[in-house]
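So you can see what is in the structure, the chains are spelled out below.
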Amino acid sequence: MSDCHLGYQKQESLQKIELNVFETAVSECIKRKIDFILIPGDLFHGNIPEMRVQKFAFKQFRRLYESRIPVYVVYGSHDFSPISNSVIDLLTEVGYLIKVSKQKDAPGNKIVLEFVQDPKTKAKIFGLPGLSAGKELEYYEKLDRKSLEKEEGFKIFLFHSGINELKTKAVAESDFMPISLLPKGFDYYAGGHVHNYSLQEYKDYKKIAYPGTIFAGYHSDLEDSAKGTKRGFILVEFDTKIRKVEFVPIEKVQYKIIEYNANGKKSTSVNLDLLSEIKRFDPEDKIIIIKTWGELISGKTTEIDFTKISEELKEKGAIEVLINRNSLSSKEYSITPASGKNKEEIEINVFKENIGQIKIGKKKLQGTLGVKLAKSLLHELRQSQLVNENKIEYQNRIEQNAFKILGIEIENDS
Amino acid sequence: MMNLDVVGQIVAGEFGSILVREKGGKKLELGDLLISREVNASLILQVFDLVYGSQIPRETHELMSGINLEKMPVNTEIFEPELRNYVLAKVRALAYLNKSANSTKVNLPKILPSFFNEIQLVNKEDLDFLSKDEDSFFVGKIRSGSKVLDADVWLPTKDVFSHHVLIPATTGRGKSNLVKTILWNLLPTKKVGALVLDAHDEYYGRHGLGLKDHNEAKDRLVYYTPSNPPAGANVLTINLQSLKPDHFRGIVTLTEPQEQAIRIYFREFKGDWISAVIQERPTQNPKEVAPITLAILKRIFRLTLGLDLDEDGNVISFNQVFDAGTRGQTVADDIVKDIEDGKIVILDTSRLVDEAELIVGNVIASRIFDRYQNYKVRGQLDRKPIVTIVVEEAPRVIGEDVLKNQNSNIYSIIAKEGRKFNIGLTAITQLTSVIPRTILANMNTKIILGNEMVQERQAIIASASQDLSKDDRNIASLDKGEAIISSIFVPFAIPIKIPLFEDLVKNQNEPKRNIKTKVF
């Protein structure tokens, strides 16, 4: 299974489902007495998730450990740590997980991997982790493929990257890597990072499998689920070669999605339409997703009362209501694009051209002062997390600096 | 005191054909660049012909030769032979250089050099006006006859590629070397994105040295090949959903019923239209398309795209390039994205028939063209790199016959209108004479390699940006790796020597030593 993204969900109702789904998957594995589990990355949504998630994870992996089911993992793009500071490393330390991204000490620049052999099945498992922003590409470019290809026996390769040749329109914008960077001739390629199930064969690459996420790692996963995408894990039967590959769905929740094209409509009309639409179905025990897009011909996007819509649905028993209005804009308040010789110039010009639209009393948010403030704020919000900084420290640092720029003093509760 | 640098002296002639008497032993060559130093200025001259000159009448020479050959016992030695018999070089002025303290202004020559002026061979310092610009790419060294001067020739990158490039060359004159050299020098710059249809799989370097050996190839070069891609390269698979009827226009000859049939199938089956034709699925109104038309279309797709049916009735591809399933859905978009990032994208089309190669190119070129048209409307064109599409055997798409008998295709559209949208063609051809003049006139840079065919030389000369009327012999005698650049972006037709690609690879700086990478 892959891309579990434990700790991703912010709403309590969805957190429960997230953990429930994982627990079901673990129970299923124990019930079926499987020989081992592969998790090719993003088991967690961050390298150090909240304590409740860690406690839960320890409990589940202990169940697997006591059932003598080894779990082989690699880091993913979300849960990796360059200094082994990930909860994955804690779980590895106590023996609940086994990291398979093992590098041999070898001369030269090449990355020579060594395998982990599963004691029961004798399968040889190699793996490379994912890193943020696709930086794991460097691993593959330096990978000594020949040594892996020469290895005899039943071989599995764990990896956390998308493959260009297998891209679909849904992930067209993503930067993946070419299939030629994978070592050839393995019996099974266990892939992570791609959140929808796929099983493909290519010349020299027998089975490239992505189980997809078991619940969600991005908001768009919930939308896809609402539109019918199945979530679950892959069951593989093999001896000296693969005999069967089966997708096992885990269905723990129902969805309802409302997709509304607001292009050319007034904000008041959209409001009425949505309020009317939500009365047409029973939202009880469902996750409701409302997706709106388009350019309103009049009114502001904030005039659409999504809060009221959400409350009404929850009163009728909806588990959770998720609103996606990222692509919703208003003609009266649209961003005018601007040109410039470089990114800096374009940013300043966009701010300059659009600041006049914002009707606000404070002088320092208007005109040239406003543009300058906006630029400083944007610069600050762009700062990335430092290597030895955890998520909470990072968040606090950014918040403090941002408030400082805005001239806002925060009272310290302690 | 005699100046040892002097190679000749102006003795006669007229504008366009000045006669220079060669100094004994200097052995002037066709194409030699000479310089006549004037007051505060210089004239660059080029030898375009060599003739014998003599103080002795020709008949006397013939008589003396006859006596020699027939072994008659008469002394036929010529008195002071170096004075009486000599070589006359016919030269023409290429450029008038007006030197000031800080710079050299280059103009077209409008005067004759001073009569009886002593002439020298051009040296590196005389050509310092050919300096490197921030936005230029290296194409070769100045050549004077067969001698190579240590003076680099740089062309303005954006201008040259947005105004189209023609490389007329017959086989064996160094065309591949030239294209590889140009692409090698373009690789590090992000100013030009290139789509290269590599019909002989010779540019990437799968089996030897190639563009893959550039230090920046990892980030700036993308290679697609249908099978067995080397590590880091991509599999070239185009999903059939990416192909539309327009992509066949001007490339595959279709009758009107056939054109109508494909439009009907496209309308009805949308992205699945090609599979529907091959599977002979009936349309809603079967009478719209005659069975014979459908059968012929099926045959056309089999021959051009390599598509057929397997035993289960599924569409399969013999050349493994086109896919009727889910593969290759985003390949065309990925290629366009890379080109817009200023990368060089090479498509190995060596396994495809001509039409398939051009259709694949069409799919991508059309997308780029549409996007760049859009950028222009939105005022964003200047933020994007110039795009060039490198096509071999260009008459297949911009030849007179093709354009007369079929509709225009994306390549001819780009040749005529691409400049407005910063998209250019780099067209390689053995047959310039079959390309219409209207298109040739738009190709503002011609890198002319050797050509032994008179008709082709005439066509090249007629469409050149400079007066090459005296260069017929010069072009005929260009050796492998020698070229003449005729362009609106150079002050005169520049003779160059293109470096050997293997030397470029060997001479590149050692890549920075990478620190060993630790796997987390």
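It should be emphasised that the depicted structure is a prediction, and the values quoted were computed from it without experimental measurement.

(A) Spatial organisation of the overall build of chain A. A tally of helices and strands in chain A yields 11 helices and 16 strands. Viewed in the frame of its principal axes, chain A has a C-alpha envelope of about 70 × 55 × 50 Å. Here chain A, with 414 residues, has 34% of them falling under the buried criterion. A separation threshold of at least 6 residues defines the contact pool for chain A, and within that pool the share at least 24 residues apart is 70%.

(B) Structural context of the domain arrangement of chain A. Domain assignment breaks chain A into domain 1 (12–249), domain 2 (253–334) and domain 3 (337–414). Of note, the centres of domain 1 of chain A and domain 3 of chain A, computed from C-alpha atoms alone, are 38 Å apart.

(C) Spotlight on the interface of chain A and chain B. Counting from both sides, the interface comprises 27 residues of chain A and, opposite them, 23 residues of chain B. Take the side of chain A that touches chain B: its biggest share by element is four residues, from helix H4 (residues 137–142) of chain A. Looking at the side of chain A that touches chain B, its residues break down into 12 nonpolar, eight polar and seven charged.

(D) Geometry of the pairing of strand S18 (residues 344–348) of chain B. All names here are of chain B. Counting buried positions along S18 gives five out of five residues, so the element sits mostly inside the fold. By the alternation rule, side chains of S18 split into Ile344, Ile346 and Asp348 and Val345 and Leu347, which are all buried. Two elements, strand S11 (residues 192–198) and S18, share five bridges in a ladder whose sense is parallel. When the bridges of S18 are listed, leucine 197 appears paired with leucine 347. Relative to S18, strand S12 (residues 221–225) is paired through four bridges, and the arrangement is parallel. Pairing of leucine 221 across the sheet is with isoleucine 344, part of S18.

(E) Quick peek at helix H7 (residues 267–277) of chain A. All names here are of chain A. All of the buried residues in H7 are Ser267, Val270 and Leu274. Within H7, the buried residues cover an arc of 55° as seen down the axis, which keeps them to one side. Those residues of H7 that are buried lie in contact with strand S14 (254–261), strand S15 (286–296) and helix H8 (306–315).

About the cut-offs
Along each chain, residue indices are assigned from 1 in the same order as the chain's sequence is written. Both sets of labels track the order of writing: A upward for chains, 1 upward for ligands. Given that the model is predicted, a residue must reach a pLDDT of at least 70 before its local features are reported, and side-chain atom pairs must reach 80 or more before they are shown or counted; all residues, however, enter totals for whole chains, interfaces and linings. Numbering of helices and strands starts at the N terminus; helices are DSSP runs of H or I of at least 4 residues and strands are runs of E of at least 2. The exposure scheme places C-beta atoms from the backbone and then counts, for each residue, the other C-beta atoms within 10 Å of its own, assigning buried at 20 or more, exposed at 12 or fewer, and partly exposed in between. The contact rule is simple: place each C-beta atom from the backbone, and if two of them lie within 7 Å, those residues are in contact. Residue ranges assigned to each domain were obtained from an automatic or database domain assignment. Basically, the charged four are Asp, Glu, Lys and Arg, the nonpolar ten are Ala, Val, Leu, Ile, Met, Phe, Trp, Tyr, Cys and Pro, and anything else, Gly included, counts as polar. Strands pair, by our definition, only if DSSP identifies at least two bridges between them. When we speak of the arc, we mean the arc of directions from the helix axis to the C-beta atoms.

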